[in-house]
Amino acid sequence: MISRWEWIWTLITRRLWFRAGLYGIAAVVTALVAAFVPPVLDNTDITEVFGADSVEDILRIMASSMLAVATFSLGTMVSAFAAAASTATPRASRLLVEDSTSQNVLSTFIGAFIFSLVGIIALSTSFYGPTGRVILFFVTLIVIAGVLITFFRWIDYLSHLGRLGETVDKVEVATAKAIMARWQSPHLGCAALVSVPTSSFPLLGQRIGYIQYLDVSALSRIAETAGGSIYVVRLPGAFSDTTEPLAWTSWEPDEDERAALINAFLIDSARSFPQDPRFGLIVLSEIASRALSPGINDPGTAIDIIGRVVRILSILAGERDAEADEIHYPSVFIPTVSVDDAFDDVFNAIARDGAATLEVGIRMQKAFRTLARMGRPDFGDNARRHSALALKRSLAALTLDEDKRTIEAIAAEVGAGGDQARSTSLK
């Protein structure tokens, strides 16, 4: 588990301005360091070939072109974000904003512009000596080569930036990563919460919003210092207000302890993917529901989403590392993410909005059949439960008896598939 400040640092590094600013600082340092190179070339003919005029002309061309390219790239990224929000869901656009490829491209163009601008200013003030101008010339060539390579990569990347398939791929990767992390550490290194003792004291939050991050190491330090235990009841992704407890403590904390405990819960206005495995499933469900709306009428996307969901949920039926249940913070108790909630998050909306579409209904029942055969008892129970609900919706929405019989025949296999599943011992 990373600390609160490491988490905040991670959020900062994902911002577009951070990488662009870092490239800009590097460009300034690179442009100025050439002036402090020892004058080893001052008395050679090479300084006459690469004079101030030739370097300045190149830098002026690069400055004007990089400003135009950076402006164009930024406009393209904004259009891609808007397209992702309209074709997929606004919740998915954050993944595009944090995309490292887009940030590196824009940062490279901005860095090259700043480099050329600083170089022009330094040349106009005779900041460089003969050796410095030669060094600046060759560094400029290296910068141009980097810009060209980045530009060609950017052209290829623009062919799918902001498209629905690319957005769905990013959501699937982020969701699978979050679920894998939670599967390998189901209680974040803490003890499993079974129940909260009746003598515990509630810890109420001071902000209204979604819990993005939980610093269990900070909670553990406070509990160990106080000689007590902390029972967390609101996990990342839960909506927090000032009336329901975030956690319960076995002792009555003082003001300083209470403030430190509350600071261990990072609350913001929106949910995020890393520590919230259910959020990605909700986003995928939203994309499928939007595709099934009458205005879009794209059942193929919904069918694709169902297949991706099965692939993601299969992570929970796989094997875990031997250290998965190791307890690092025995004084902190955390509940397990419910498989029931995960199924509800992703399948309820798709079953409701795709009830009148035969193809979606068939794909849903086949997905439930696959999940029921994966060997987890709670998978089988939830698959049969949602299969029955989806069947009821389909029978109420479909008009042809032949279509109804097709759905009923596949739904009947869900129960049989669960009974025939291989027996696997999974917690």
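Positions within a chain are numbered from 1, following the residues in the order the chain's sequence is written. Owing to the predicted nature of the model, reporting of local features is limited to residues with pLDDT of at least 70; listing and counting of side-chain atom pairs is limited to 80 or more, with chain, interface and lining totals taken over all residues. With hydrogens and water stripped out, all remaining heavy atoms of the structure feed into the side-chain values.

Asker: For this particular structure, what's the right way to read the packing of helix 8 (residues 164–184) against helix 12 (residues 299–313)?
Answerer: Packed helices, taken two at a time, are described by the angle their axes make and the gap between the axes. Orientation is described by lines fitted to C-alpha atoms, with helices fitted over the stretch in contact, and by angles between N-to-C directions that extend from 0 to 180 degrees. Here a strand is any run of E in DSSP of at least two residues, a helix any run of H or I of at least four, and the numbering for each starts at the N terminus. At a closest axis distance of 10 Å, the pairing of helix 8 and helix 12 adopts a crossing angle of 20°. In terms of their interaxial angle, helix 8 and helix 12 are classed as roughly parallel. As for how helix 8 packs across helix 12, the hand of that crossing is right-handed. Facing helix 8, whose interface residues are L164, V168, D169, E172, T175, A176 and I179, helix 12 presents T301, D304, I305, R308, R311 and I312. Looking at side-chain class alone, the contact of helix 8 with helix 12 contains six nonpolar, two polar and five charged residues. In these notes the angle categories are as follows: under 35 degrees is roughly parallel, over 145 is roughly antiparallel, 65 to 115 is roughly perpendicular, and the rest is oblique. For any pair of crossing helices, the crossing counts as left-handed if the nearer helix is rotated counterclockwise from the farther one by less than a right angle, and right-handed if it is rotated clockwise. In this description, contact between two residues means that some pair of their heavy atoms is separated by no more than 4.5 Å. Gly is put with the polar residues, along with every residue not named as nonpolar or charged; the nonpolar set is Ala, Val, Leu, Ile, Met, Phe, Trp, Tyr, Cys and Pro, and the charged set is Asp, Glu, Lys and Arg.

Asker: Help me out: how do you make sense of helix 14 (residues 358–372) in this one?
Answerer: Counting along an α-helix, one turn takes 3.6 residues, and residues three or four places apart therefore face a common direction. Over its 15 residues, helix 14 extends 21 Å from the first C-alpha to the last, a length consistent with the 21 Å expected when each residue adds 1.5 Å. The cut-offs for exposure are 20% and 50% of the maximum accessible area for each residue type, with area from a 1.4 Å probe on protein chains only; residues under the lower value are buried, those over the upper are exposed, and the others partly exposed. When helix 14 is considered as a whole, its buried residues turn out to be V360, G361, I362, M364, Q365, A367, F368, R369, L371 and A372. A helix is expected to span 1.5 Å multiplied by its residue count minus one.

Asker: Can you walk me through the pattern of salt bridges in this structure?
Answerer: It is possible for side chains bearing opposite charge to pair when their charged atoms get close. Should a side-chain nitrogen of Lys or Arg be within 4 Å of a carboxyl oxygen of Asp or Glu, the pair is scored as a salt bridge. A complete count under the given rule lists 16 salt bridges for this structure. For E172, the salt bridge identified is with R311, shortest N-O distance 2.7 Å. Of this pair, E172 sits in helix 8 while R311 sits in helix 12; the two residues are 139 residues apart in sequence, bridging distant segments of the chain. Given a relative accessible area of 48%, R311 falls into the partly exposed group. The closest approach of N and O atoms between D304 and R308, which form a salt bridge, is 2.8 Å. Highlighted residues: D304 and R308, both in helix 12, separated by four residues, approximately one helical turn. By relative accessible area, which is 10% here, R308 ends up buried. Because the salt bridges share partners, they merge into one network encompassing D169, E172, D304, R308 and R311.

Asker: Could you clarify how one ought to interpret the sheet that holds strand 5 (residues 239–240) in this entry?
Answerer: In a beta sheet, neighbouring strands pair by backbone hydrogen bonds and run either parallel or antiparallel. An order of 5-3-7 is seen for the three strands of this open sheet, with the pairing classed as antiparallel. Strands with a single pairing partner mark the edges of an open sheet, and in this sheet they are strand 5 and strand 7 (265–268). By the convention used here, strands pair only if DSSP detects at least 2 bridges between them. Alignment of strand 3 (residues 209–214) against strand 5, held across two bridges, turns out to be antiparallel. Paired with G209 across the two strands is S240, which belongs to strand 5.

Asker: Is there a simple way to think about the confidence of the model for the chain in this case?
Answerer: In low-pLDDT segments, the atomic positions of the prediction should not be examined closely. Of the residues in the chain, 91% have a pLDDT of 70 or more, and the chain-wide mean is 84. pLDDT expresses, on a scale from 0 to 100, how confident the predictor is about each individual residue. Note that pLDDT drops below 50 for residues 417–427; the model gives that stretch 21 contacts with residues more than four away or on any other chain.

Asker: What is the right way to read the nonpolar core from this model?
Answerer: If you look at soluble globular proteins, the nonpolar side chains tend to sit buried side by side. In this structure, L313, F347, I350, L371 and F379 are the most contacted members of the largest nonpolar core, which totals 44 residues. Among the secondary structure elements, those contributing two or more residues to this core are helix 8, helix 11 (277–291), helix 12, helix 13 (339–353), helix 14 and helix 15 (377–397). Not counting residues within four places of it along the chain, the set of residues in contact with L371 comprises V310, L313, F343, F347, F379 and A383. Judged by nonpolar contacts, the second largest core, of 31 residues, contains L96, V118, L136 and W154. Nonpolar core, defined: a set of buried Ala, Val, Leu, Ile, Met, Phe, Trp, Tyr and Cys residues in which side-chain atoms within 4.5 Å join the residues together.

Asker: Would you take a moment to explain unusual backbone geometry for this structure?
Answerer: Backbone geometry places L188, a non-glycine residue, at a positive phi of 55°. Within the secondary structure layout, L188 lies in the loop between helix 8 and strand 1 (190–192). Of note in this structure, N297 is not a glycine but carries a positive phi near 55°.

Asker: Hey, could you run me through the environment of L219 in this one?
Answerer: The residue L219 is located in helix 9 (residues 216–226) in this model. Each C-alpha atom of the pair L219 and I12 lies 23 Å from the other, and the pair is 207 residues apart in sequence. Residue contacts for L219: discarding those within four places in its chain leaves L214, I230, V232, L261, A264, F265 and V332.

Asker: Just checking my understanding: could you explain the sheet that holds strand 6 (residues 245–249) for this structure?
Answerer: Pairing in this open sheet of five strands is mixed, and the strands run 1-8-4-6-2 from one edge to the other. What marks the edges here is a single partner per strand, and that holds for strand 1 and strand 2 (201–204). The mean inter-strand angle of the sheet, taken between neighbouring strand axes irrespective of direction, is 35°. Here two bridges tie strand 4 (residues 230–232) to strand 8 (residues 329–334), and the two strands are oriented parallel to one another. Bridge assignment links I230 to a residue of strand 8, and that residue is V332. Against the sheet, helix 9 makes contact with strand 1, strand 4 and strand 8, and its axis sits at roughly 120° relative to strand 8, the strand it touches most.

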